[in-house]
Structure formats: structure tokens, C-alpha cells
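Given next are the chains, with one letter for each unit.
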2 protein chains.
Amino acid sequence: MQNSKPPRSVPKRRDSSLSHAYAVIMAGGSGTRFWPLSRRKRPKQLLEVFGRDTLLEQTAARIRSLIPPERTYVFTSELVRDEVARRLPGIPSQQIVAEPAARNTAPCIGLAAHEILRRDPEGILIVLPSDHVIRKPDAFRRALRSACQRASRQGVTVLLGLKPNQPHTGYGYVELGSREESPDGQEIYKVTQFTEKPSLAQAKEYVVSGRYLWNGGMFIWRASTVIRHFETCQPKMARALAKIASTGGVGSPNMLRRLYPRLEKISIDYALIEKIPDVFTVAVDMGWSDVGSWSVAYELNPKDRNGNVRPARSLCVDSHGNMIVSPDKFVVTVGVRDLAIIDTGDALLVSALGRSQDVGKAVKEMEEQGRDDLL
Amino acid sequence: MQNSKPPRSVPKRRDSSLSHAYAVIMAGGSGTRFWPLSRRKRPKQLLEVFGRDTLLEQTAARIRSLIPPERTYVFTSELVRDEVARRLPGIPSQQIVAEPAARNTAPCIGLAAHEILRRDPEGILIVLPSDHVIRKPDAFRRALRSACQRASRQGVTVLLGLKPNQPHTGYGYVELGSREESPDGQEIYKVTQFTEKPSLAQAKEYVVSGRYLWNGGMFIWRASTVIRHFETCQPKMARALAKIASTGGVGSPNMLRRLYPRLEKISIDYALIEKIPDVFTVAVDMGWSDVGSWSVAYELNPKDRNGNVRPARSLCVDSHGNMIVSPDKFVVTVGVRDLAIIDTGDALLVSALGRSQDVGKAVKEMEEQGRDDLL
């Protein structure tokens, strides 16, 4: 039976904090874990193997109903800027910024804060990485609304805290302090401590205790707060950022190209977050995954009746649980199980899916062998 | 220490039977077990994955010291004739014969017999398939000399009998009767019975009994004997072959193209060998292998210290016992074991090495799906 009633139109809640919110999508990353599909010129966030769209497009689509494209910025690298712009035609071109050099997240967020402050003295930055999957976008958006309200107060930093489902040793953890009142029922806590990449024993304790969340790198804070924290914690970088801003900021590519590469290469976590007071977290289960290896990508894709993710042009005989990517070539498998088979124009990877987190190591070895043509 | 003494030159034994011997190399076969490297246009005998040269070149090189190129014929298909000629530059072009249609081995051997009889009334055919490996070529050549002497007598057929090392159910077996005297100490027996593709139980009995050999398809007999047997056992084909011979034989491609495709498609074993009297065998351990699957090809190739057969442009991390063929593409493996990874321009195979005899089945399925472009 079809439900023919149209969905009731719910009047949007007025939310003044959201009207000052600016999305800052970080799309400058490069990684090796999805080699050979991912390359320097085609980073993970631009791959089409995590569902229908690229992770970048998914990130932009996820916030579109909260923040209009005119208030969305994307920071990426010069190598892929054109491709990013092609993927996100709604976002004004001058808001897709190519960093002249990879300096990790701190310089980039500082630059964004200046740009947004220039436009809107009450502007709030919503910093969003673009290399993860969020299976429950509604939960994400509810948490984000709540975070924006909380962060609209001067001096406060809010991060989205992810409820951990396994003792992952590769993430950062935040320890929860006292719980705050939240008018919309979201769980908001004061953060009392940060731990980067704990031991397995530590991570297990964290998960069992229920008092720790993963730091997913999503930060919400006023532009003015960001700049003040830079002045306190990173005075040298703060001065350089102010100079860039005074000479045109992101609107002055030549100046950017001269000054930006001299900034210290440091993450926002080390540069500010772990040093500043008044950090809060909205605890949320949003079905987050950082899609760290081919085995995670395998989980995200539809499968044939033998559990194979595979292209139409393939034939799998007695083969089960394989992840096959081959845009151009016909693939035949016989009697194989739980493999990642990734074929590209100039390189082929065959990995045990359970070992696919080690693909990065292989790529590192190729780098040492001077195989830059394949990276 | 190096042995600086030159090898002593041994005067060649005069052997009148060898001076009438003609090699007839059968290179018309096509198969699917080495897909995707082998194709209709590139059969197994033209692949370069069984050691330094192709199996065809190995076959020709193996007999060169006994039979000069002027007395060597190659029968192949029109599809690959040019490639065969390119691989065997020493053999006169008119002796590389393209069969206008695949008619199995009987018509081809009949045609060869007429051609050789025309040149030499005492001519002896040495019929040699070109799709196997012989690891002990000296043993092969000793057996061949002995077989030639025995076959120089009118009416006698000699086949090289391979000492079986496993109860293979895919081969033909010959049963040994009384042993003959042989001046050079070779084991020559009368053949009393033929069995094609026995059951496993039968094959096991055969191997244990020591009274059976594999029929490797290598036949030695006078041209006149071959033709007489055709007249007795296959009178219709004998007449057709005589007609082809009288109109120019292999030297008359147009006539060949008209008449040859009408000949019955039948193997020499069924057409003659199993029906005629006076069949003898020289029993020999020549390290023979028919190289029936990628796992056999794996055994024939040099390996790295982890037992991988792989190209220079590859990186194997925690990977063992794999057979990797990739003429063009860089290959990385991580944590995989005992796989055949065969990459070509338009198709990729990943198979468990132990299942590689099933590659033919997969190819058959592709044929049914109409993927002729890949066959």
C-alpha cells in the first residue's frame, strides 16, 4: 500500500546561531590507504567507491539543509581544486580555496576564521573533514544544531564526540566531564582530557567506561574565538595569519602562495584544541566511519548473493566476500575469498581484505623505491 | 673453480634412419586453461610463461641437433601462422603450414605424411605436439633416436611412452607387452592395449602395476606406413588426402582451403593408433609435463625467496607462493597466498592456484555469455 498523503510541512525552527554558521569543509587530505585507486591527484574524498557519491559530495550534501552554499567554504589542494569545484557546482568558486601547500589543519582553519570574521563578526565556523561516512545524517544535523547554539557564546569550542563502538587505537579520545543542560535534549559534556592514539589496553578501558568519545575532527566555534585562541596558543602563527588576512586572505592567491607555505605544519588538535579552556562535546551516535581501509569500503557497498562487491563486467566462480574495483577491465575470479582486487590503468592491488590496513605500508615502500609515478 | 677444459668432441654416430627423419610439429592447438593470457589468437604454445622461450620454440630447439630445419614442418592455424613463422625463423616458410580449419590431429598427420613421402620415399615422420615441457631433453633425444631406428622398418609405429608419476585421469595410457631387444639399451615394448582417460581407480592400478605408460602424442613412423594405415582404417579420409596431395598438397593453399575443412575432425589416436598392429613404445622418463594449468606453470618458473613467481615491477608484502603475470602493470600484493594473478590489457584473472584447472570452466561460462571479445 502506498501512502499517498504528502509529508506534512514542518515550519523550520528559527535558529539565530545557524544564520551565522559557516561550513568549512576540509578537503585537502591525501592518503595512501586506498591505493591504487587513490593517488596524489585523486585523494580518498574524491573516490566513488563509498556509495553513490564521493565522500566530498556526501559531506556537502549532508549540511546543505542547514547551511546554504553561499556560506560554505572548501579548503583543498591546488592539485585537485578543479575537480573539487566540478563536484560542488553550487558553491561559489571563490569559496573553494586551494592551499598552496599542505600545512595540516591548523593554518587552514586559522585562514578560514579570518575570512569568515571579515564577512560576519558573529560568524561561527563549522569545521568538517570530508573523508568519512555518516550513516545517520539526521543525528549528525541535530547534534550540529545543538553545537552551534552552544558555540554561539564567545569563547566556547564544541566538538562532535562520537560514541565509540570498538577500542580503535588510531583515533583521538576525549574524556567527558560534567553534563550540561541542553534545551533540545542533546547530550552535551565538558571535555576534561584528550588522548591521541591510546594503547589497546587503554582504548578498551575507555570504551568500557562509557566516559570517552572519539574526536572526529568536527569543531564548532566562533571565528573570533578561533583567532583569539591562535593569539594565545600560537602567537607566531597568529601574526602570520593576520598578515595574510590583511593582504587579501583567500582572495589574494599570489600573497597566499608566498606566505602560506611558511606556516607551521600542525594539526588544530595539537595547536589549539588540547590547550584551550571551555571545550565541550555533543555526544552523538551518527553511524560515523572514517573508512580507513578497503575492508570498510567493502562494508559500505551492495553485494551479490555470494557477498562480493563487484562491477557488472566480472565473473566470480566459487568466490565469496571479495571487494572488486575495476573500472575498465573484465575480471574473473576462481575460488578466492575475502580479497580486495583493485585494478587501475597502471597498477593492480590484490590484498587480503583483513590486511587492507597495511596497504599504506606497501605504498610507503614504493615511495622509498622511488615509484613516484604510481603515487 | 672453473673447468677450463673444452668438452671433448664426440664423433656423431652415423644413423641412417635419422637422415630420413622429418619433424612434424603440431602447433594448431587452442585452449582456455591459460586464459586470460592465452586467447584464440595466442594459444598456449605461444606464451612466454613456461621458462625462457615459448613452448613452440622449446619444441623446435629440442630436436634441432637431431633434425635440421630443412626437414622440420610445423602445422598450425591461419590465425597464428605469422607469429609461428616469426618465432621459428630458421624453418623454411613453405614448411610452416596453416591448416584452413581445425580438424584435430589425424587429417594434419595424413597431410604431412603425403608431403614427406613426396620428398623422400623412405621418409620417417616424427610427430611432436608443441604444448608440453620436457625437463630432460637428453633422455628425450636418446629415446627418439631409438624410436627412429625401430620405426625405419616398414609397417611399424613407435610412440614415446612416458613413465607416469601420478594417476592422472586426463591422459591416454598404453599397456606394455613383451620387451624387445634394443641395441642402445632403451626400453622398447610392444603395446597391447590403449585406454583413454581411465577412472581414478583404474589409473591408480596402472601406475602401481608399472605396466602402463602415458601416451604423450609423440609418434614415429614411416610416411608410407602412415598412408597405408589411413587406407585401411580411414579409407574415405585416405582418398580425400590423396586428392589434396595430387592437387599440390600443402604447396597449394587454395586447394587446401577448399578440401581440408571437409575432412573428418578426429584424433590420430582414434583414427589409427588404437586400430593398427605393430605399435611399439620407447619407455622414457623425460621430465614431461603437459603444463595443464597455472599451478603447473608456477612450478616451472623461478621464484623469489617467498616462493612468488612475479615480474620485476611488483611488490609483495607478506605474500607467499603466488604466480603473478603482468606484462604492463605494477602489481602490489598484501597478505595473499597461493594465488594466480594474471593481468592482461583487457582482462584480469585472480584464481586460487589450486583451483586453476577450473579456469577453463569460467572461460566456458564467458563464452555462453557471448563475451567472445575476451576469448
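Residues numbered from 1 in each chain as written. Chains lettered and ligands numbered in written order. Predicted model: local features only at pLDDT ≥ 70, side-chain atom pairs only at ≥ 80, totals over all residues.

1. Regarding the overall build of chain A
Next up, step 1: Looking only at helices and strands, one finds 11 helices and 16 strands in chain A.
Next up, step 2: The C-alpha atoms of chain A give a radius of gyration of 22 Å, which matches the 21 Å a tight globule of 375 residues would have.
Next up, step 3: In terms of principal-axis extent, the alpha carbons of chain A reach across some 60 × 55 × 50 Å.
Next up, step 4: The buried share of chain A, taken over its 375 residues, is 46%. (Helix = DSSP H or I, 4+ residues; strand = E, 2+ residues; numbered from the N terminus. Rg over C-alpha atoms; globule rule 2.2 N^0.38 Å. Buried ≥ 20, exposed ≤ 12 C-beta atoms within 10 Å, placed from the backbone.)

2. A few points about the nonpolar core
Next up, step 1: Counting residues in each nonpolar core, the largest one holds 235 residues, and the members touching the most others are Val24, Leu125 and Ile126 of chain A together with Val24, Leu125 and Ile126 of chain B.
Next up, step 2: Apart from the residues within four sequence positions on either side, Val24 of chain A is in contact with Tyr73, Phe75, Ile109, Ala112, Leu125, Ile126, Val127 and Leu128 of chain A. (Core = buried A, V, L, I, M, F, W, Y, C linked by C-beta atoms within 7 Å. Contact = placed C-beta atoms within 7 Å.)

3. Digging into the pairing of strand β6 (residues 157–162) of chain B
Residues and elements named next belong to chain B.
Next up, step 1: Burial analysis of β6 places 6 of its 6 residues in the buried class, which makes it a mostly covered element.
Next up, step 2: Side chains of β6 alternate between two faces, with Thr157, Leu159 and Gly161 and Val158, Leu160 and Leu162 buried alike.
Next up, step 3: Bridge analysis of β6 against strand β9 (residues 212–222) gives 5 bridges, and the strand direction is antiparallel. Its bridge partner being in β9, Gly161 is matched across the sheet by Asn215.
Next up, step 4: Strand direction decides the pairing type here: β6 and strand β10 (residues 279–284), joined by 6 bridges, are parallel. (Pairing = 2+ DSSP bridges.)

4. Some words on the environment of Ser224 of chain A
Residues and elements named next belong to chain A.
Next up, step 1: Within the secondary structure layout, Ser224 lies in helix α6 (residues 223–233).
Next up, step 2: Take Ser224: there are 17 C-beta atoms within 10 Å of it, and that puts it in the partly exposed class.
Next up, step 3: Expressed as a C-alpha distance, the spacing of Ser224 and Ser314, which sit 90 residues apart in the sequence, is 55 Å.
Next up, step 4: When near neighbours in sequence (up to four residues on either side) are disregarded, Ser224 contacts Leu117 and Gln154.

5. Some points on the relation of the copies chain B and chain A
Next up, step 1: Superposing chain B onto chain A requires a rotation of 178° together with a translation of 0.2 Å along the rotation axis, leaving an RMSD of 0.2 Å. On the angle and the small slide along the axis, the relation comes out as a two-fold axis. Closest to the rotation axis within chain B is the C-alpha of Val350 of chain B, separated from it by 4.2 Å.
Next up, step 2: Looking at chain B, 100% of its interface residues are interface residues in chain A too, so the copies touch through the same face. (Least-squares fit on C-alpha atoms with pLDDT ≥ 70 in both.)

6. Re the domain arrangement of chain A
All names here are of chain A.
Next up, step 1: Taken domain by domain, chain A holds domain 1 (18–289) and domain 2 (294–374).
Next up, step 2: Summarising the inter-unit geometry, the C-alpha centres of domain 1 and domain 2 are found 30 Å apart.
Next up, step 3: Tallying the contact residues gives 11 residues for domain 1 and 13 residues for domain 2.
Next up, step 4: A per-class count over the side of domain 1 that touches domain 2 returns 7 nonpolar, 3 polar and 1 charged. (Domains from an automatic or database assignment. Nonpolar A, V, L, I, M, F, W, Y, C, P; charged D, E, K, R; others polar.)

7. Details of the pairing of strand β15 (residues 339–343) of chain A
Residues and elements named next belong to chain A.
Next up, step 1: Counting buried positions over the 5 residues of β15 gives 5, a clear majority of the element.
Next up, step 2: The alternating pattern of β15 places Leu339, Ile341 and Asp343 and Ala340 and Ile342 on opposite faces, both of which are buried.
Next up, step 3: Of the pairings in the sheet, the one linking strand β13 (residues 323–325) to β15 comprises 3 bridges and is parallel in character. Opposite Met323, over in β15, you have Ala340 as the bridge partner.
Next up, step 4: Pairing of β15 with strand β16 (residues 347–352) involves 5 bridges; the strand directions are antiparallel. Bridge pairing in β16 links Ile341 to Val350.

8. Quick word on helix α1 (residues 55–63) of chain A
All names here are of chain A.
Next up, step 1: All buried positions along α1 are accounted for by Leu55, Leu56, Thr59, Ala60 and Ile63. Taken end-on, α1 shows its buried residues confined to a sector of 140°, consistent with a single buried face.
Next up, step 2: On its buried face, α1 is in contact with β1 (21–27), β2 (72–77), α2 (81–87), β4 (124–129) and β5 (133–134). (Arc of directions from axis to C-beta.)

9. A closer look at the interface of chain B and chain A
Next up, step 1: Residue-level contacts link 29 residues of chain B with 29 residues of chain A.
Next up, step 2: Sorting the residues of the side of chain B that touches chain A by element identifies β12 (314–317), β14 (330–334), β15 (339–343), β16 (347–352) and α11 (359–368) of chain B as the ones contributing at least two each.
Next up, step 3: Of the residues forming the side of chain B that touches chain A, the biggest block, 6 residues, is contributed by β16 of chain B.
Next up, step 4: Counted by class, the side of chain B that touches chain A contains 18 nonpolar, 4 polar and 7 charged residues.

10. Concerning the confidence of the model for chain A
Next up, step 1: Chain-level statistics for chain A give a pLDDT mean of 92 and a share of 96% at 70 or above.
Next up, step 2: What the predictor reports for the complex is a pTM of 0.84 with an ipTM of 0.83. (pLDDT = per-residue confidence, 0-100.)

11. With respect to the packing of helix α3 (residues 105–119) of chain A against helix α7 (residues 235–246) of chain A
The description of two helices packed together rests on the angle between their axes and the distance between the axes.
All names here are of chain A.
Next up, step 1: One can describe the packing of α3 onto α7 by two numbers: an axis separation of 10 Å at closest approach and a directional angle of 45°. As summarised for this structure, α3 and α7 are arranged oblique, according to the angle between their axes. Note that α3 runs across α7; the crossing there is right-handed. In this structure, α3 contributes Ala106, Pro107, Gly110, Leu111 and His114 to the contact, and α7 contributes Met237, Leu241, Ile244 and Ala245.
Next up, step 2: Partitioning the contact of α3 with α7 into residue classes produces 7 nonpolar, 2 polar and no charged. (Axes fitted to C-alpha atoms, helices over the stretch in contact; angles between N-to-C directions. Parallel < 35°, antiparallel > 145°, perpendicular 65-115°, else oblique. Left-handed = near helix turned anticlockwise from the far one by under 90°.)

12. Some thoughts on helix α7 (residues 235–246) of chain B
All names here are of chain B.
Next up, step 1: For α7, built from 12 residues, the straight-helix expectation of 16 Å at 1.5 Å per residue is met to within 8% by its first-to-last C-alpha distance of 16 Å.
Next up, step 2: When we look at burial in α7, the residues that qualify are Met237, Leu241 and Ile244. Angular distribution of buried residues about the axis of α7 spans 55°; they occupy a single face of the element. Seen from the open side of α7, the exposed residues pointing more than 90 degrees away from its buried face are Pro235, Lys236, Arg239, Lys243 and Ser246.
Next up, step 3: Buried residues along α7 sit in contact with α3 (105–119), α6 (223–233) and α8 (253–259). (Expected span 1.5 Å × (residues − 1).)

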